[in-house]
Amino acid sequence: MTTNHRIRRALTAGSLGLAVTVGGMAGAGTAQAADTGRTTISCSAVKVRKAPARTATVVGVAYRRDTVVYDQWAYKRSERTWYTRGTVTRRSDGKKVRGYMIYQCANPYGSTGAPTPPIPK
């Protein structure tokens, strides 16, 4: 290998590493990682969706006092809405449903008056 080829190879590897790092930081503005926790559904019913959006596919429905093990929050900028991601265990039939719910219905404080996380910039 010539020296010129080695230099090009090193520059390419460095720029790819930088692109991956910057891309990871840019994507972090919409999803907030959190420690796993447990709460219950506080609304009478809430749709559990495949993605954090009102138009996303509904994968199930959770009802008041169903258990939620959550692990992430996501803010949908265009809707100005926070979502909680987790697994719901329904009391009625024991079925587990994984997806995103509106934060006010599945919040770590267990009540409808919980403060929402700060909006990412």
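Details of the structure are given in the entry above.
Residues numbered from 1 in each chain as written. Predicted model: local features only at pLDDT ≥ 70, side-chain atom pairs only at ≥ 80, totals over all residues. Heavy atoms only, no water.

Caption draft 1: Up close: the overall build of the protein chain. Looking only at helices and strands, one finds one helix and six strands in the protein chain. The linear arrangement of helices and strands in the protein chain, starting from the amino end, is α-β-β-β-β-β-β. Looking at the protein chain alone, contacts between residues at least 24 apart form 50% of all its contacts between residues at least 6 apart. Of the roughly 7,800 Å² of accessible surface on the protein chain, a fraction of 56% belongs to carbon and sulfur atoms. (Helix = DSSP H or I, 4+ residues; strand = E, 2+ residues; numbered from the N terminus. Contact = heavy atoms within 4.5 Å. Areas by Shrake-Rupley, 256 points an atom, 1.4 Å probe, with all protein chains shown as cover.)

Caption draft 2: Representation of the pairing of strand 4 (residues 67-76) in the model. Pairing between strand 4 and strand 5 (residues 81-89): nine bridges, direction antiparallel. By the bridge assignment, Tyr75 is partnered in strand 5 with Trp82. Counted between consecutive antiparallel strands, the loop separating strand 4 from strand 5 contains four residues, among which Arg80 sits at a positive phi close to 55°. (Pairing = 2+ DSSP bridges.)

Caption draft 3: Broad picture of the environment of Arg91. Assignment of secondary structure puts Arg91 in the loop between strand 5 and strand 6 (96-102). Distance in space between the C-alpha atoms of Arg91 and Asp66 is 5.6 Å, their sequence separation being 25 residues. Look past the residues within four positions of Arg91 in its chain and what remains in contact with it is Arg64, Arg65 and Asp66.

Caption draft 4: Representation of the state of the cysteines in the model. Taken as a whole, this structure holds one disulfide when the rule is applied. Residue pairing for Cys43: its cysteine sulfur links by disulfide to Cys105, the two sulfurs lying 1.9 Å apart. Of note, the bridge from Cys43 to Cys105 carries an S-S torsion of about -80° and is left-handed in sense. Note that Cys43 is positioned in the loop between strand 1 (31-40) and strand 2 (45-49) and Cys105 in the segment after strand 6, a separation of 62 residues in sequence. With respect to class, Cys43 is no different from Cys105; both count as buried. (Disulfide = S-S within 2.5 Å. Buried < 20%, exposed > 50% of the residue type's maximum accessible area, 1.4 Å probe, protein only.)

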